[in-house]
2 protein chains.
Amino acid sequence: MNATLLTGIGLLATQDPELGEIENAALVLDEARVAWVGSARQAPSADLHVNLVGRCVVPGFVDSHAHLVFAGDRSAEFAARMAGMPYAAGGIATTVEATRAAGDEQLTATVARLVEEMRRQGTTTVEIKGGYGLTVHDEARSLAVARGFTTETTYLGAHVVPPEYASDPDGYLRLVTGPMLAACAPYARWVDVFCEPRGAFDADASRAVLSAGAAAGLRPRVHANQLGPGPGVQLACELGAASVDHCTHLSAADVAALVDSGTVATLLPGAEFSTRSPYPDARRLLAAGVTVALATDCNPGTSYTTSMPFCIALAVREMGMTPAEAVHAATAGGAAALDRDDVGVLRPGARADLVVLDAPSYVHLAYRPGVPLVAQVWKDGHPV
Amino acid sequence: MNATLLTGIGLLATQDPELGEIENAALVLDEARVAWVGSARQAPSADLHVNLVGRCVVPGFVDSHAHLVFAGDRSAEFAARMAGMPYAAGGIATTVEATRAAGDEQLTATVARLVEEMRRQGTTTVEIKGGYGLTVHDEARSLAVARGFTTETTYLGAHVVPPEYASDPDGYLRLVTGPMLAACAPYARWVDVFCEPRGAFDADASRAVLSAGAAAGLRPRVHANQLGPGPGVQLACELGAASVDHCTHLSAADVAALVDSGTVATLLPGAEFSTRSPYPDARRLLAAGVTVALATDCNPGTSYTTSMPFCIALAVREMGMTPAEAVHAATAGGAAALDRDDVGVLRPGARADLVVLDAPSYVHLAYRPGVPLVAQVWKDGHPV
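Please read all numbers here as calculations on a predicted model, not as lab measurements.

A few words now on the interface of chain B and chain A. In this assembly, 39 residues from chain B lie in contact with 39 residues from chain A. Counting the surface lost from both chain B and chain A, the interface buries some 3,400 Å², and carbon and sulfur atoms represent 58% of this. Taken together, the connections running from chain B to chain A amount to two salt bridges. Across the pair A:Arg368 and B:Glu117 runs a salt bridge, and its minimum N-O distance is 2.6 Å. There are 24 residue pairs in polar contact (both at pLDDT 80 or more) connecting chain B and chain A. If you list the elements that add at least two residues to the side of chain B that touches chain A, you get helix H1 (75-82), helix H3 (104-120), helix H10 (269-275), helix H12 (308-318) and helix H14 (364-367) of chain B. Per-element tally for the side of chain B that touches chain A: the top contributor is H12(B), with six residues.

Structure (structure tokens):
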């Protein structure tokens, strides 16, 4: 056995209902997996011993919604929006133009920079979407770049209809469900669509995209009900999507569909923060029994944050979540949104991905907003 | 000359109306002062040359309102408040009890930890208040500890009436304006009072505290109009306070008094974030011509953040400030609130305190909320 014993843990938040929270805890990591979790007094011995001196440990964050393959910056659009301009999905076209013009090396460097920035803030699993290329070539190379960083890659050809198809949206839909899908499927695990009644893809188009993706072996996830009420949540539930994301504007029927289907509702408060929009009501979803995940939605237009701790603080301040619920949503919730049971939790057999906080409790992630509290990140059993 | 030339600066935000923002800028630092500011093409030579490769530089942040001398933690109170309990100033008593019980070494270690945490986030000047001792001995030692870290120390014996004086508030006022002031004045530059109609000090008591402090050589600053409308803002203006802090609930007469007096309105959005309260209206103050500062209000009860970047992001999202106004308020505004002209600005003669951002523009402080963007901090002409 080549194991590491971690002791001195003030509070271990395992996010596992059976293990719960453990005060004065210890962890044993065996190579890339958790081997043992429990009270420090009962800890087995190991080859290596690390004392974390009273710090809190939580599972590595699982950021299940991030648009990282892009070029350019939309800080001027952001500043204009803060001065009163409303957000419209059309701003995506700005990033599409810059992304098409960028070389693969530049795109790879941007993803590497953002993934490293995420890791410094405790994220150990990240989903990465395409969606800023919107040609067969540019979507395929976007996903090839993403695949270099994560297995959780998502085909999002149906992000918006690009300008050159403005007068032929049906033609673009044929491209997305045909040659573009064929070129992208080898690099993707998931298929996604931006489903909104206006400015994006309607229910029929969204169904066509998700069905074609499923036929190509991809699993569905959906952007829905961000800008207003719409059919996306119920469509996602009907098609057995692992997650439906945004969920800002929900009807009672939407909530009921989430309960019945078990589809995760992934909330992205960074987007509401950066578009000055009303936040989704997490309390309502939790009260109904829906599984809630938190993710950054990192993208250059509407949520250019990589910080899961920031999203946790917003979830508590703005969406009625307790600190425990928010940390659960940022770890086990994100794992559920990616249909993963090996991350987002610290129990024997799970991946040894964890965050050591410079704080005695995970509550401090909300209690100390904006403060970089991540002292150490362990990935696959080793500090990174 | 023992000077350092900084080049490769993408955008220099000088916060000086005459210099403004400079693209492709250079800075020369001579020992602890700025010697030259301008376009990189006109930069003089220097002994040492540092290339900042396209990053943005802003003045070091000036955090003009922080309660750092305390012991204990109120994360449980925070979690309860997020679950629906309203904030009441009485929670301060919890921290008073822990602070009195703590040794000087423990208090010093806490201040050192928080000042270092602030510095990592770009704060190069900080004001530190007492106010959690509330005995002659405990206030004096609190300020002695604070004086080890900053010249901007503030006597806040009039934070709340401590439990042992609950039935004799006049007796406590005599203590604060008499023996406690005498013991604290040698360690303090400023005198402050928590002026609220209920739960703290009313107008007459506040006037007595500030007048006694002034007679002992201390300059006034005031906590006012946080929890509701009150007399504090107009009192601060009347007495020529450098700053009146919180300003969440303002009448038209309050705004007019700020305009007439030139007293700085220091806004503390971390407190509204962490107490789930409505934010002050910075736009209204700026439109009237009031000088606005931003500060963290770092304290264990109502705003346990040390992050000026977080406060800038909140100011833009929640208080109607542009990114430029928010950065100005966090630098030159904070300096004005401390009546300092040597910090918060980058111009010849000013202190060589600056922040190098891992971003091309200061706009990113609001555009990328929660992300630790501070790449380097220079204090007194040297990286720290």
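Residue and element names in this part refer to chain A. Relative orientation of the contacting elements helix H5 (residues 169-177) and helix H7 (residues 203-215) amounts to 20°, with a least axis distance of 9 Å. When the axis of H5 is compared with that of H7, the two are roughly parallel. Here the hand of the crossing between H5 and H7 comes out right-handed. Seen from H5, the contacting residues are Leu173, Val176 and Thr177; seen from H7, they are Ala205, Ala208, Val209 and Ala212. The residue inventory of the contact of H5 with H7, partitioned by class, reads six nonpolar, one polar and no charged.

All right, on to the nonpolar core then. One finds A:Leu68, A:Tyr155, A:Leu294, B:Leu68, B:Tyr155 and B:Leu294 to be the most contacted residues of the largest nonpolar core, which totals 199 residues. In terms of residue count, the dominant contributor to this core is helix H12 (residues 308-319) of chain A (eight residues).

So, about the pattern of salt bridges. Scanning the entire structure with this criterion turns up 44 salt bridges over all chains. B:Glu152 is the salt-bridge partner of B:Arg189, the closest N and O atoms lying 2.9 Å from each other. Here B:Glu152 lies in the loop between helix H4 (136-147) and strand S8 (153-158) and B:Arg189 lies in the loop between helix H6 (179-184) and strand S9 (190-195), a separation of 37 residues in the sequence. B:Lys379 is paired through a salt bridge with B:Asp353; the nearest N and O atoms lie 3.5 Å apart. Note that B:Lys379 is positioned in strand S15 (residues 374-379) and B:Asp353 in the loop between helix H13 (323-337) and strand S14 (354-357), a separation of 26 residues in sequence. For B:Asp353, a relative accessible area of 4% gives the class buried. Through salt bridges that share partners, A:Glu152, A:Arg189, A:Arg340, A:Asp342, A:Arg351 and A:Asp380 make up one connected network.

What counts and how
- Residues numbered from 1 in each chain as written.
- Chains lettered and ligands numbered in written order.
- Predicted model: local features only at pLDDT ≥ 70, side-chain atom pairs only at ≥ 80, totals over all residues.
- Heavy atoms only, no water.
- Contact = heavy atoms within 4.5 Å.
- Buried area = accessible area lost by both parts, 1.4 Å probe.
- Salt bridge = Lys/Arg side-chain N within 4 Å of Asp/Glu carboxyl O.
- Polar contact = N/O pair within 3.5 Å; in protein donor to acceptor, adjacent residues only side chain to side chain.
- Helix = DSSP H or I, 4+ residues; strand = E, 2+ residues; numbered from the N terminus.
- Axes fitted to C-alpha atoms, helices over the stretch in contact; angles between N-to-C directions.
- Parallel < 35°, antiparallel > 145°, perpendicular 65-115°, else oblique.
- Left-handed = near helix turned anticlockwise from the far one by under 90°.
- Nonpolar A, V, L, I, M, F, W, Y, C, P; charged D, E, K, R; others polar.
- Core = buried A, V, L, I, M, F, W, Y, C linked by side-chain atoms within 4.5 Å.
- Buried < 20%, exposed > 50% of the residue type's maximum accessible area, 1.4 Å probe, protein only.

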